[in-house]
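Given next are the chains, with one letter for each unit.
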Amino acid sequence: MELIREVENYVASNIHVFHAARLNKLQSLKLTDLLKKKNPYLYKAQNLDTPQSIVEALASAFMSSAEETMFGDWLEQLAIFVAGKVYGGYKSTSEGIDLEMDKDGIHYIVSVKSGPKWSNSSSKKKLLDNFIRAKRVYRTSGNRFPCEAVEGCCYGKDNNPDKTTHLKLCGERFWTFLSGQPNLFIDIVEPLGTDARKHNDEYHRQYSRMISRFTRDFANEFCREDGAIDWERIVRLNSGI
């Protein structure tokens with residue numbers, strides 16, 4: 001129970017870091033950046049034909065992706081905290097490796113991911129290359145423990161964890177691996193809501209203002225005199241030489 005209390009305290013004391021990062025990202029957005037980074041052909045195919053509908057689609061897609069990345073970074077720090085408390089785990093200095101720890105006579109190198117569907121073929125190859133390189137460094141440093149690699153996913157499922165090259169531990173398996181506590185993946189949920197309403201009320205106030213401001217700017221810059229969307233101008237901004 002001591003570990004659970006420490007984790008609850010850590011989450012409650014540090015969840016504001018994620019909310020602050022999310023708000024900072026929102027406040028730093030520019031309309032032209034959104035138009036340059038998202039697929040204009042998709043929005044035309046979806047028949048989005050008003051400034052507000054386009055702005056809302058752009059902002060929602062961008063912030064959803066950004067929040068997933070930011071929260072994944074935050075969960076990585078939580079994973080390192082948990083492993084540090086239980087097994088003396090620590091932040092790795094090896095490229096692409098987030099965490100190292102000794103457990104039951106094995107040295108584990110861990111790459112922490114948000115969920116199980118994070119990779120494509122090239123990123124998977126890079127992960128395996130990072131594992132090989134980190135294992136080599138560990139072995140040539142005179143360490144006595146065998147070394148195993150872990151792809152740790154903070155949520156989701158993969159019922160075939162042995163990938164031959166490494167272990168892929170997701171959700172309950174991953175948090176149990178880090179802590180020895182089979183219910184930790186459930187126990188961390190409640191403290192994540194600490195001051196959530198206060199943080200989210202401020203976020204939504206800022207989000208609504210951003211939508212209003214960008215809708216006004218979009219109408220001024222990317223609509224013709226009759227109010228129609230100037231798709232040629234948008235596509236040239238996004239994809240033109």
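Residues numbered from 1 in each chain as written. Predicted model: local features only at pLDDT ≥ 70, side-chain atom pairs only at ≥ 80, totals over all residues. Heavy atoms only, no water.

So, about the sheet that holds strand E2 (residues 99–103). Within a sheet, each strand pairs with its neighbour through backbone hydrogen bonds, oriented either parallel or antiparallel. Reading across from one edge, E1-E2-E3-E4-E5 is the order of the 5 strands in this open sheet, with mixed pairing throughout. Two strands bound the open sheet, and with one partner strand each, they are strand E1 (90–91) and strand E5 (167–170). Pairing of E2 with strand E3 (residues 106–113) involves 5 bridges; the strand directions are antiparallel. When the bridges of E3 are listed, Leu99 appears paired with Val110. This element, helix H5 (residues 121–139), spans E3 and strand E4 (147–153) of the sheet and lies at about 145 degrees to E4. Here helix H6 (residues 172–179) sits on the sheet and contacts E2, E3, E4 and E5; the angle it forms with E5, its principal contact strand, is near 105 degrees. (Pairing = 2+ DSSP bridges. Helix = DSSP H or I, 4+ residues; strand = E, 2+ residues; numbered from the N terminus. Contact = heavy atoms within 4.5 Å. Axes fitted to C-alpha atoms, helices over the stretch in contact; angles between N-to-C directions.)

As a further point, take the environment of Lys37. Here Lys37 shows up in helix H2 (residues 31–37). Of the residues examined, Lys37 reaches a relative accessible area of 56% and is grouped as exposed. Considering only alpha carbons, one finds Lys37 and Ile188, 151 residues apart in sequence, at a separation of 34 Å. Leave out the neighbours within four places in its chain, and Lys37 touches Phe62 and Asn238. (Buried < 20%, exposed > 50% of the residue type's maximum accessible area, 1.4 Å probe, protein only.)

Take unusual backbone geometry next. The backbone phi angle of Asp104 is positive, close to 50 degrees, even though this residue is not glycine. Topologically, Asp104 is positioned in the loop between E2 and E3. Here Asp104 falls in the exposed class, since its relative accessible area comes to 71%.

The analysis is restricted to geometry; functional conclusions fall outside its scope.
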